[in-house]
Every structure is written in structure tokens, then in C-alpha cells.
Number of protein chains: 2
Amino acid sequence: MSYFDAASSAPLHPVARQALLASLDEGWADPARLYREGRRARLLLDAAREAAADAVGCRPDELVFTPSGTRAVHAGISGALAGRRRVGRHLVVSAVEHSSVLHSAAALETDGGSVTEVGVDRAGSVSPGAYADALREDTALACLQSANHEVGTVQPVAEVAAACRAAGVPLLVDAAQSLAWGPVEGDWSLLVGSAHKWGGPAGVGLLAVRKGVRFAAQGPADERESGRAAGFENIPAVVAAAASLRAVRAEAAEEDARLRELTERIRARVPGLVPDVEVVGDPVRRLPHVVTFSCLYVDGETLLHELDRAGFSVSSGSSCTSSTLTPSHVLKAMGVLSEGNVRVSLPLGTTGDDVERFLGVLPGTVASVRERLGATAVTAPAPAPASAPSLVVDALGKRCPIPVIELAKVIGDVPVGGTVTVLADDEAARLDIPAWCEMRSQEYVGEEPAERGAAYVVRRLS
Amino acid sequence: MSYFDAASSAPLHPVARQALLASLDEGWADPARLYREGRRARLLLDAAREAAADAVGCRPDELVFTPSGTRAVHAGISGALAGRRRVGRHLVVSAVEHSSVLHSAAALETDGGSVTEVGVDRAGSVSPGAYADALREDTALACLQSANHEVGTVQPVAEVAAACRAAGVPLLVDAAQSLAWGPVEGDWSLLVGSAHKWGGPAGVGLLAVRKGVRFAAQGPADERESGRAAGFENIPAVVAAAASLRAVRAEAAEEDARLRELTERIRARVPGLVPDVEVVGDPVRRLPHVVTFSCLYVDGETLLHELDRAGFSVSSGSSCTSSTLTPSHVLKAMGVLSEGNVRVSLPLGTTGDDVERFLGVLPGTVASVRERLGATAVTAPAPAPASAPSLVVDALGKRCPIPVIELAKVIGDVPVGGTVTVLADDEAARLDIPAWCEMRSQEYVGEEPAERGAAYVVRRLS
């Protein structure tokens, strides 16, 4: 079995396990109490806070532990917004933030505030200039991830932080995906992390708020964690989180180089091994352990299932998985193909052999899924030009990747210059038909309203 | 060392430890994922939910896990209030709820809602009739603890639940202190628990919401735990929590009887061993493992410190501890003495020998604290009546228990029928001077405004 989904949750690091066990007997008491069990718990908590703050690059009194990264995001955004309520109620986020950030933004909008989503390029990166342009007089807070969780693209945080500083707007950095690899550079104001992403236990997030940043914790009052994270402290888990962060940092440089070589191997070789694949995400400014690609004419759920049967655990931003009906907002914002999407994120210690086995299994797996979908014909060259100048394909009620498969099947039936109109009501078609055109050098003319769903018009160029 | 503060946090139960270790290797993956590590995590989570629901007495789909009891209270109250927003924004709570409930109530008030606090009798119990009277047309939610965390008094939950049901108001029961001992009786609508109170790990609370109860989760959307508890699930801890709840329930009947006998021993013998002690809380309708008493003329922090040195870890609701400047709201609502307050809450497995050692150490410890405060003279019989018909004692700037000690020292200096007026600005005096009068059969005349603090007037009766 090869677990290749570290970006969802990393297996528990041996140091985390060890620290957790060691502190179970020392860290269960209430650290607010004055008796010895309480003092002992307090000492553990203080030491963990110092270690975590050191790794984050802040003062211990600037950092609190939360029950998860999501809770850290919620608390950080709501607290920073409330702290600058008098400035305004405008929030800037990138379009590719984690759902916890986007859901916080949606909550602000429901509550009468306003949100600007800064778009990204085809590699998934924001432009510092575009980000700076989104800052307004009434901007209370800006949020930017350090690196994207789906495609691994590293964002220009230092540049954006400088622009925010110049505008007097605090920047919250969601560092969940990158904290294992090093501190976040640049002059950020708030920072969020999640322990189970770096091999720490579940149940621990962290929120750093720089001194001087206006912050008003929301929700009912609670004296724990400087009033910023309500509820009894989970000290054994916090100790394990801090110890494992220190441990992964100690091996970060070496593992970064090693895993980067392995993901580079996947990036370089998958397009040759599997026809009609788009590797997405920035090829250079990227996390060392993440590589993402999408396969035309493939149903993401079936592909995941087949890879699981072959012993590989990966995730997908495709809409055609049972957990979601819309394509990943990240792939959508990038404008890249979402069908047959696969994210490989290697945990520490992944070997070259694991990766070679994956590369060995992938082509056959994709081919078998395509065969099952009747999509083998579409990889053949288009037949000779036919007479009909335009065709309409009715893919209403068909889930991805069927509308794209139907399109590919008939494009050869219209002459060069002719059009195919695809009627589809699956949300993924809106993303995947233009992406297909880009990949196959056909022209995407545009979308027209239709009685049901939408009509996507494609012109044959070659 | 004897740890006698299980009501704050219980030491980890061996079964919890075992279950936690066993699930660390199985429960770290994302249970929303379709690959085998995810499915395995989902199975663990589902099994834990079933076990916990069985212990609570609800359906598995009515129960979610939260990061703490406090978070369960916050989510339960805010969700139930929002769900019944159209009915009104009135909340009923007892005056002796846990701070997480009272802070939620305060948040509602800040937000424009209204709150009725139902008082308690001297034993700490609400009256079902008084509780029913507090329910109004616009009452969205009522909250009542199953048992009090500071004095152990068991509340008449079934009767209050019936009154709420009759009025069409959902009742949220904070069962944090009692869940180890058995399910909550009566027709409750929402229920909250906290694993570290029953020997489970920190980081796990539970929130049950009966089908049919209107509920609208607050905060940014999140798909985890039926949308009621945001953030990545802490599955090893949840598994450990459920397993240990089942384990403590299996030994509950036996331990209930055993610990009840031990706390009864403390209740019965402390008044004979230590002069001027008030044992508080209901002597019969009470938790088996909790006993609370207050000692006149004693500084709570010093007493805790001395008991800690003697090897006993207990807690205190006194104001004279470094963590707080006001006496416990529970003791205040009961109208009982707060100075020298000691709560003993026995963990499972406490032996008779532990308790005997405590009873052996306590009298000398209290005496030494009193001696240090110069309070030994006050236990002597009052001297012969003196001539001054009234006296004023200036205790301004003096922290508890000094104002009461000063009062006790001079009461013999006024004739029977004469008065002593104590000037004090310590908040505890407001509670402890009347309580002293009650204990020493003197008349508390009342409080008069003063330039600084307040003037408390006491008439000598004997």
C-alpha cells in the first residue's frame, strides 16, 4: 500500500506518537490549577507553545493552539475582522484558498460584509499587483495561503504581505500546507497552521497573531488560550504537535530535495505515459511533495477507486466523485481541466520505488477507465472532414466526463471551421470543455443559454 | 499524591489510553476519503459514534463530536437559538450553570437577546416550578445542568424537561459532570458532554440534538460532523472517548456506591474535625464523587497550596485564589460561604485510605492557615459584653478572608443587640459576611452604600 495523500492528512510522525504517549500521563490535568498536576500540565503547554512559536517565527505569547486548522482559520478571520470593524467590512481572499477561508468569507457576506476574490493564473498563482489592486480603504483583512493544497503552487506571500503592509491591511496567511517545510517568509500579521498536515495528531491547529494587530475574539468569552480558543486544552496532542513540527523541520531540507525529485519524475513522465493528460500547478514555485494532473475522458471517482485497488491512495478535485457535484474551485479558478483529476502528495519517507510502481500502474489504470467509458475511439485521429458544417450533441443528464467524450467523438465529423455545440447540464462541462479545447488546439467559441443546462460551442481548427 | 479534582479533569482511563494507542495507526486519515485509509478511519468514527450514542441514549445520527465540552455548549446553544429565532430570543438558564453556558448567555445578551437566570436554593438546586415560571412565549431555549460541577448537587432535570416540553421549549442539558454515571433521565432536546471529565482524552466533547429539534449551526459552513462541528475529526481521541465512556459505565454502579460512601465520610466527619466549617451542596441528591465545604477564616489559595504540599490536589471556588477575584458564581447563587472553599472530587479507584489520609491532614492544615492569618482568637468564645453599642471595622483594601476575621474578632466587643459595621471593598465580603452570620447565629442587617466599597451591618444576637 502506498499512501499518496499527505496533503489531506499525513500519517502520524513517530516523534508525534512518542511525544503523545509520553505526555498522556503528564498532561491530562487542568493547566489553570495550582496543584502539582496542574503545574506539570502548564509546563508542558508552555514548552509546546515555545517550540511551536519558534518554528512559526513568532513570540510564544503571539501563538495559541486551536482544535484544528479550520478552527484557527475561523477564529483568525472573525477576530481580525471584528478588531478592524471600524475600518470597514471588506475582505480580500485569493480564489484558491482552502474552503475554511472561503466559507469564512461567505459568512461575512451573509452578515453584510463584502469580499473580493483575487483570481489566479493558469498555474494557480495570484499576482502581487492584482492582489494589491484589490485592497481598499475599507479592507479590514486580506488572506493568502502560503501554498495551494490542491496543486502545490507556492504563492508570492512576501510580496503580497509588503503590499498589504503598505496599505495598512493585516494579512492572514494560511500556512497549513507549507509549515512542515519552513517558516513563512514576509511580514505577515496572522498565520494559521494544522498539525495533522505535518504528521502531528489531529485536534491541533495554531493561530499566531502578531502584537499590534487589532484582534477581537468572537464567540462566548473563555479564559483559555488568551481568550482566543475556547475549551479545555488538549495538552498531549499539543505537545505531540510541537514535537513533530520540530522533527519534520529537522529533516525538511533533505526531504524537500528528495521528494521534489520524485514529484518532478511524475510531472515529467506522466504526459509521456498517459495520453491526453494535463499536469497542473506551477512547475517551479511549488511544494516539494505535491503533483497534480488531470486525465481527459476519465471519471475521477472510478480512477480513484481503481488506483485504490492497485494500492495507491490519492485524492481528486474532479466533480465526478461521490463527495461533491462541482469541480474543485481551485481547478476552476485556474481554468484547467478537472475531469480525471489526480493529486499525488507524498508523505515523508516515500521511496523512489513507490513512485516507480505508481508510474507503472497508472497508464493501464487510466486506459481501463477510458475503455469502460467507451472513450478509446476518441484518441484516434479525426476522420476525414464530413459534410455537416455543424453538429449538436445532447449530453443533458450526463455526468462528467461524458459530455467531453461525446464532444471528442464527433469533432472529426464536422469540417475544419465547423462547430460542435454540446448541450450539458453537468457543472464540470463549463470548465472541462474549454480546457479540452486548449489541450486539443480547438477553438472554444463560448457558452450560450439553453432551455436546460447550457450550450457550449466549439469550432474545429485542425 | 492523591488527586482529588476529578471534576476538573479526570486522569486518563486505562481503556482510553489503550483505545487511543490502538487507533493512532488506523485513525489518522481523512474519513471523507474513499481510499482504504479513509474508509478505515470512517469505520472507527462510525463505531465510536454508535457507542457514544448508546451511552447517551440517542440515535447515532443525532450525535456529533466537538473539540471540547465548551465547544459543544457553544455550538448547541447558538444552534438552538438560531433554529428558533422566529420564536424569540429569550434564553433560560440556571444561575449555577458552567461558565460556558453563562458566557453563551452573555453573548446572546450582547447581541440583543434576553436571558432569565433561575435561582437555586441553599443546596444549589433549582425548583422545577420556578424554572417553569421562567419560560415565556418568546423563549427559544432553556438550559439546565444535570449536576452541578462545584457542589455536586443533582438537578431535577426530568421535571424541568417535562415543564419545557409542555411549554414547547427545547431543553439543553449540560451533562458534563454526570455522564460517567449514567444517561440523563427525562425528555431532553439537546445534550452536551465532555470526555476528559469521564477519563477520556482532552479534545472531545459531544453534542446530541434530538431529531425534530430546530437547529441551525452557526459560524462558517463546514461539511464535517453533519455541519455541526467544523474541522478535521480527531478520530483516535473520539475512539478513546467512546471506549472509556463505555468502560466507566460498566463500573458505574459499583463505583457510585463506593465513592458515595467515601464522600459521605468526608461530609459527615469534616464538621467535627475542623471548627467553623460549612459543608455545602445537597446531602442526598448529589454526584457520588463530589463533596464541597468552606472553612471560615481561611484564605482559599493558601489552603490549596498547603494541601498540595501535603499531597492533595483539590480545587476551590474561593475568590482568594490567584486565578479569580470574585467568589464562584455557584456559591454566590447558593448564598453560602465562599472563603476557605474546598471541592473534593474523587477519581475512580480512590481508596478509603486516601480519604482517611486527607481527613487526617485537613484539620492541621486549616489550623495552620488560620494561625498565619491571626484568626485563632476568633474561635474562642466572645468576651464579656463591652460598653460600645456599635463598632465600625475598616477592612477596606483587605482581601478575603480578612474582613470576616476582623468582624469575628470584634463581635464580642459590642453588647447583644449592638452592631458591627464592616467597611470592605472585597467582593467576597458581600457573600461571606451574611454567610458568617448564618453560621454563627448573628443577624445580618444589610448592606449600606459607602464612599468606598460597601458597609455591611451585623447585629450581635448572642
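What you are looking at is a predicted structure, and each value in this text was computed from that prediction instead of being measured.

## So, the overall build of chain A
Then comes step 1: Of the regular secondary structure elements, chain A holds 13 helices and 16 strands.
Then comes step 2: In terms of overall size, chain A behaves like a compact globule, its C-alpha atoms giving a radius of gyration of 24 Å where 462 residues would be expected to give roughly 23 Å.
Then comes step 3: Dimensions of chain A along its principal axes, counting C-alpha atoms only, are 90 × 50 × 35 Å.
Then comes step 4: Burial analysis of chain A (462 residues in total) assigns 60% to the buried set.
Then comes step 5: The long-range fraction of contacts in chain A, counting pairs at least 24 apart against all pairs at least 6 apart in sequence, stands at 72%.
Then comes step 6: Looking at chain A as shown, the accessible area adds up to about 16600 Å², and 51% of this sits on carbon and sulfur atoms.

## A look at the domain arrangement of chain A
All names here are of chain A.
Then comes step 1: By domain assignment, chain A separates into domain 1 (9-250), domain 2 (253-372) and domain 3 (381-459).
Then comes step 2: If you average the C-alpha positions of domain 2 and of domain 3, the two centres end up 25 Å apart.
Then comes step 3: With 21 residues of domain 2 in contact, the opposing surface of domain 3 contributes 15 residues.
Then comes step 4: Around 1400 Å² of area is buried between domain 2 and domain 3 when both sides are counted, 66% of it from carbon and sulfur atoms.

## Some words on empty space enclosed by the protein
The gaps left among the atoms become clear once a water-sized probe is rolled over them.
Then comes step 1: A full pass over the atoms with the stated rule returns 2 cavities of 30 Å³ or more.
Then comes step 2: As a volume, the largest cavity reaches approximately 330 Å³.
Then comes step 3: Every residue lining the largest cavity is counted, 31 residues in all, and those nearest its centre are P67 and G203 of chain A together with P67, S68 and G203 of chain B.
Then comes step 4: Only β2 (63-66) of chain A together with β2 (63-66) of chain B provide two or more residues apiece to the lining of the largest cavity.
Then comes step 5: Classifying every residue of the lining of the largest cavity gives 15 nonpolar, 10 polar and 6 charged.

## Side note on the interface of chain A and chain B
Then comes step 1: On the chain B side, the residues contacting the 51 residues of chain A number 52 residues.
Then comes step 2: Interface area for chain A against chain B, summed over the two sides, is near 4400 Å², with a carbon-plus-sulfur share of 59%.
Then comes step 3: The largest contributions to the chain A side of the interface with chain B come from W28, Y35 and R71 of chain A, which together make up 14% of the buried area.
Then comes step 4: The interface formed by chain A and chain B includes 8 salt bridges.
Then comes step 5: Between R17 of chain B and D25 of chain A there is a salt bridge, with its nearest N and O atoms 2.8 Å apart.
Then comes step 6: Applying the counting criterion to the chain A and chain B interface returns 20 residue pairs in polar contact (both at pLDDT 80 or more).
Then comes step 7: Mapped by element, the contributors of at least two residues to the side of chain A that touches chain B are α1 (14-24), α2 (36-56), α3 (69-83), α4 (99-110) and α9 (300-309) of chain A.

## Quick notes on the relation of the copies chain A and chain B
Then comes step 1: Mapping chain A onto chain B leaves a residual RMSD of 0.0 Å; the transformation is a rotation of 180 degrees accompanied by 0.0 Å of translation along its axis. Such a turn and shift between the copies fits a two-fold axis. Minimal C-alpha distance to the rotation axis in chain A is attained by P67 of chain A, lying at 2.9 Å.
Then comes step 2: The fraction of interface residues of chain A whose copies in chain B are also interface residues reaches 100%, indicating that both copies meet through the same surface.

## What to know about the sheet that holds strand β16 (residues 454-459) of chain A
All names here are of chain A.
Then comes step 1: If you trace the 4 strands from one edge of the open sheet to the other, you get β13-β14-β16-β15, paired in mixed fashion. Strand pairing shows two members of the sheet lacking a second neighbour, β13 (390-394) and β15 (443-449), which therefore form its edges. Between one strand axis and the next, the sheet turns through 20 degrees on average, direction left out of account.
Then comes step 2: Relative to β16, β15 is paired through 6 bridges, and the arrangement is antiparallel. If you follow G446 over to β16, its bridge partner there is V457.
Then comes step 3: Contacts from helix α13 (residues 427-440) reach β14 (419-424), β15 and β16 within the one sheet, and its direction differs from that of β16 by about 0 degrees.

## Describing the pattern of salt bridges
All names here are of chain B.
Then comes step 1: Enumeration over the complete set of coordinates arrives at 68 salt bridges over all chains.
Then comes step 2: One salt bridge connects D138 with R136, and the closest N-O pair in it is separated by 2.9 Å.
Then comes step 3: Residue R136 is classed as partly exposed on the basis of its relative accessible area, which comes to 38%.
Then comes step 4: The salt bridge involving E255 is made with R258; its shortest N-O contact spans 2.7 Å.

## Some remarks on the packing of aromatic side chains
Then comes step 1: Taken as a whole, this structure holds 10 aromatic pairs over all chains when the rule is applied.
Then comes step 2: Here W28 of chain A and Y3 of chain B contribute two aromatic rings whose centre-to-centre distance is 4.6 Å and whose plane-to-plane angle is 90 degrees, an arrangement assigned as edge-to-face. Pair noted here: W28 of chain A is in the loop between α1 and α2 and Y3 of chain B is in strand β1 (residues 2-3), and the two residues belong to different chains.
Then comes step 3: A relative accessible area of 14% places W28 of chain A in the buried class.
Then comes step 4: Seen in terms of ring centroids, F312 of chain B and F358 of chain B are 5.3 Å apart; in terms of plane orientation they differ by 70 degrees. Their pairing is edge-to-face. With F312 of chain B in strand β11 (residues 312-313) and F358 of chain B in helix α11 (residues 352-372), this pair connects stretches of sequence that are 46 residues apart.
Then comes step 5: Using a relative accessible area of 0% as the deciding quantity, one classes F358 of chain B as buried.
Then comes step 6: Members of the aromatic cluster, joined through ring pairs, are Y3 of chain A together with W28 and Y35 of chain B.

## Looking at the pairing of strand β7 (residues 190-194) of chain A
Residue and element names in this part refer to chain A.
Then comes step 1: Within β7, 5 of the 5 residues are buried, which leaves the element mostly enclosed by the surrounding structure.
Then comes step 2: Residues L190, V192 and S194 point to one face of β7 and L191 and G193 to the other, with burial holding for every one of them.
Then comes step 3: Here strand β6 (residues 171-174) pairs with β7 via 3 bridges, running parallel. Across the sheet, V173 pairs through a bridge with L191, a residue of β7.
Then comes step 4: The pairing of β7 with strand β8 (residues 205-209) spans 5 bridges and is classified as antiparallel. Bridge assignment links V192 to a residue of β8, and that residue is L207.

## Side note on helix α3 (residues 69-83) of chain B
Residues and elements named next belong to chain B.
Then comes step 1: Over its 15 residues, α3 extends 21 Å from the first C-alpha to the last, a length consistent with the 21 Å expected when each residue adds 1.5 Å.
Then comes step 2: Most of α3 is tucked away: 12 of the 15 residues are buried.
Then comes step 3: Every buried residue of α3 is accounted for by G69, T70, R71, A72, V73, H74, A75, G76, I77, G79, A80 and L81.

## Digging into unusual backbone geometry
Residue and element names in this part refer to chain A.
Then comes step 1: Here the residue pair C400 and P401 is connected by a cis peptide bond, since its omega of 10 degrees sits within 30 degrees of zero.
Then comes step 2: Relative to the helices and strands, P401 resides in the loop between β13 and α12 (402-410).
Then comes step 3: A positive phi angle is found at D276, which is not glycine, with a value near 55 degrees.
Then comes step 4: Along the chain, D276 turns up in the loop between α8 (252-273) and β9 (277-280).

## Let's talk about the state of the cysteines
Then comes step 1: Under the definition given, this model contains 0 disulfides over all chains.
Then comes step 2: C437 of chain A takes part in no disulfide bond, and the closest cysteine sulfur, belonging to C400 of chain A, lies 16 Å away.
Then comes step 3: We classify C437 of chain A as buried; its relative accessible area is 2%.
Then comes step 4: Cysteine C58 of chain B remains unbridged, with the sulfur of C143 of chain B as its closest cysteine sulfur at 17 Å.
Then comes step 5: Taking relative accessible area as the criterion, C58 of chain B reaches 12% and is therefore assigned buried.

## Here's the deal with the UniProt feature "domain: UPF0033" (unreviewed entry) in chain A
Then comes step 1: The UniProt entry lists residues 393-417 of chain A under the feature "domain: UPF0033" (unreviewed entry), expressed in the numbering used here.
Then comes step 2: Segment residues 393-417 of chain A splits into 36% helix and 8% strand. End C-alpha atoms: 17 Å apart.

## A word on the environment of G113 of chain A
Residues and elements named next belong to chain A.
Then comes step 1: Mapped onto the fold, G113 is located in the loop between α4 and β4 (114-118).
Then comes step 2: Residue class for G113 comes out buried when judged on its relative accessible area of 12%.
Then comes step 3: The sequence separation of G113 and L81 amounts to 32 residues, and the corresponding C-alpha distance is 9.8 Å.

## Some points on α9 of chain A
Each α-helix turn comprises 3.6 residues. Residues three or four places apart therefore point the same way.
Residue and element names in this part refer to chain A.
Then comes step 1: Across the 10 residues of α9, 7 count as buried, placing the element largely inside the fold.
Then comes step 2: For α9, the set of buried residues is G300, T302, L303, L304, E306, L307 and D308.
Then comes step 3: For α9, the capping residue at the N-terminal end is D299, with a side-chain oxygen 2.9 Å from the backbone nitrogen of E301.
Then comes step 4: Remark: G311 follows α9 within two positions and exhibits a positive phi of approximately 100 degrees.

## A short note on the sheet that holds β7 of chain A
Residue and element names in this part refer to chain A.
Then comes step 1: Taken in spatial order, the 7 strands line up as β2-β8-β7-β6-β5-β3-β4 in an open sheet, and their pairing is mixed. Edge strands, defined here as strands with exactly one partner in the open sheet, are β2 and β4. Each neighbouring strand pair of the sheet contributes to a mean axis angle of 20 degrees, computed without reference to strand direction.
Then comes step 2: Across the sheet, α4 lies against β3 (90-94), β4, β5 (139-145) and β6, angled at about 145 degrees from β4, the strand it touches most.

The rules behind these values
Residues numbered from 1 in each chain as written. Chains lettered and ligands numbered in written order. Predicted model: local features only at pLDDT ≥ 70, side-chain atom pairs only at ≥ 80, totals over all residues. Heavy atoms only, no water. Helix = DSSP H or I, 4+ residues; strand = E, 2+ residues; numbered from the N terminus. Rg over C-alpha atoms; globule rule 2.2 N^0.38 Å. Buried < 20%, exposed > 50% of the residue type's maximum accessible area, 1.4 Å probe, protein only. Contact = heavy atoms within 4.5 Å. Areas by Shrake-Rupley, 256 points an atom, 1.4 Å probe, with all protein chains shown as cover. Domains from an automatic or database assignment. Buried area = accessible area lost by both parts, 1.4 Å probe. 1 Å grid on protein atoms, 1.4 Å probe; cavity = no way out; pocket = protein on both sides within 12 Å on 5 of 7 lines; lining within 4 Å. Points joined across faces, edges and corners; volume = space filled by probe spheres on them. Nonpolar A, V, L, I, M, F, W, Y, C, P; charged D, E, K, R; others polar. Salt bridge = Lys/Arg side-chain N within 4 Å of Asp/Glu carboxyl O. Polar contact = N/O pair within 3.5 Å; in protein donor to acceptor, adjacent residues only side chain to side chain. Least-squares fit on C-alpha atoms with pLDDT ≥ 70 in both. Pairing = 2+ DSSP bridges. Axes fitted to C-alpha atoms, helices over the stretch in contact; angles between N-to-C directions. Phe/Tyr/Trp six-rings, centres within 6.5 Å; stacked < 30°, edge-to-face > 60°. Expected span 1.5 Å × (residues − 1). Disulfide = S-S within 2.5 Å. UniProt positions renumbered as here; feature names shortened; annotations may be inferred.

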